[in-house]
Each structure stands twice: as structure tokens, then as C-alpha cells.
Amino acid sequence: MARSEPDEVSAPGEIRVFWFLLLTMVVVVTAVTLAVVGGGGSAVLQDVPPDRFTDPLPATRPIGRADIEALRLPMALRGYRMADVDEALSRLGAELAERDARIAELESALAGVQAAAVTTGADLFKRPGDRPAEPGGHAHGPDRAEEDGR
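Predicted, not measured: the structure shown is a model, and the values here were computed from it.

The rules behind each value
Residues numbered from 1 in each chain as written. Predicted model: local features only at pLDDT ≥ 70, side-chain atom pairs only at ≥ 80, totals over all residues. Heavy atoms only, no water. Helix = DSSP H or I, 4+ residues; strand = E, 2+ residues; numbered from the N terminus. Buried < 20%, exposed > 50% of the residue type's maximum accessible area, 1.4 Å probe, protein only. Contact = heavy atoms within 4.5 Å. Areas by Shrake-Rupley, 256 points an atom, 1.4 Å probe, with all protein chains shown as cover. Salt bridge = Lys/Arg side-chain N within 4 Å of Asp/Glu carboxyl O.

Asker: Residue-level account of the overall build of the protein, with values.
Answerer: Secondary structure assignment for the protein yields 4 helices and 2 strands. Written out in order from the N terminus, the α and β elements of the protein read α-α-β-β-α-α. Residues classed as buried in the protein amount to 9% of the 150 residues present. At a minimum sequence separation of 6, the contacts of the protein that also span at least 24 residues come to 38%. Counting every atom, the protein has about 13400 Å² of accessible surface; 61% of that belongs to carbon and sulfur.

Asker: Can you lay out the pattern of salt bridges for me, pointing to particular residues and giving the numbers?
Answerer: Taken as a whole and assessed by the stated rule, the structure comprises 4 salt bridges. Between Glu 69 and Arg 65 there is a salt bridge, with the nearest N and O atoms lying 2.8 Å from each other. Of this pair, Glu 69 and Arg 65 are both found in helix H2 (residues 65-70), 4 residues apart, which corresponds to roughly one turn of the helix. Relative accessible area serves as the criterion here: at 67%, Arg 65 is assigned to the exposed category. The salt bridge partner of Glu 95 is Arg 99, with a shortest N-O separation of 3.6 Å. Placement of the pair is Glu 95 and Arg 99 together in helix H3 (residues 82-120), with a separation of 4 residues, close to one helical turn. The class of Glu 95 is buried, set by a relative accessible area of 14%. Taking the relative accessible area as the measure of exposure, Arg 99 reaches 38% and is therefore partly exposed.

Shown next, in the form of C-alpha cells:
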């Protein structure tokens, strides 16, 4: 049987290089860790305030199209902050409900005026100051009366 050769013994220079690289790696990892954690007198990485929703929707006037287009919600780790989105949507919903109620009120008032005009026979399209139509079928308004006076 052949005798196996003994393992090569590393040269003393190679062991020094190994320890030097190991020590250098430990120093670099420690320095980076201290820099990130904030070791030392000054903070390297400053704390950033969280991105919060500042309500750009006007509180003193009705919301318009430009207000909706300018609305920018802050981003969170996984999309948008639910509380900010809920707040904006509730404001928009309240505004739309208010407008719908106003439209219904105006339509009701218009229907009442139209019903009253039908029962009384009034002309809804008559301008203020117009005289009623003559039996011949010609209506004389203020401008027409001036022309007839010449």
C-alpha cells in the first residue's frame, strides 16, 4: 500500500493573510453596524417623519374637479394608508350627498312651479315686461312697442 502524503502545511505567510482578512472584515462589519444603529456622537441616518395626509380638500367651499385631480394620498409600505383613503372618500361621499340633496330640492321646486303654471295657464317662457299676446297672434314686447311708435 502506498503511503498517503501528509497534508501540506500552510506557509506562515498564508496564515497571516487569513488573519488579516478576517480582522479587516470584522472591523468593516462593526463600523457599518455602528453607522446604521447610530453609535457615536452624531446620527448618520436621520429619522424621517412619516408621510402623513395633509387634507388638501377645501373645507370652506364645495369640492371641485381640480381639487380631486390635485389630491395625492401618501404611500405606505403596502399601498396607501387606509385611514387616509377612508377620510378622503368619506369627505367626497358627504359632498356628493349634499349635492344630490340640493339637486332634488331644486327639481322639486321646479316641478311645483311647472305644476302651478299648468293649472293657472301662465306662460313659463314669458320674459318679465312682455305684454300678453294680442288676439291677432302678435306679441308686443318693449322693443316692439318702440318700433310701432315711430
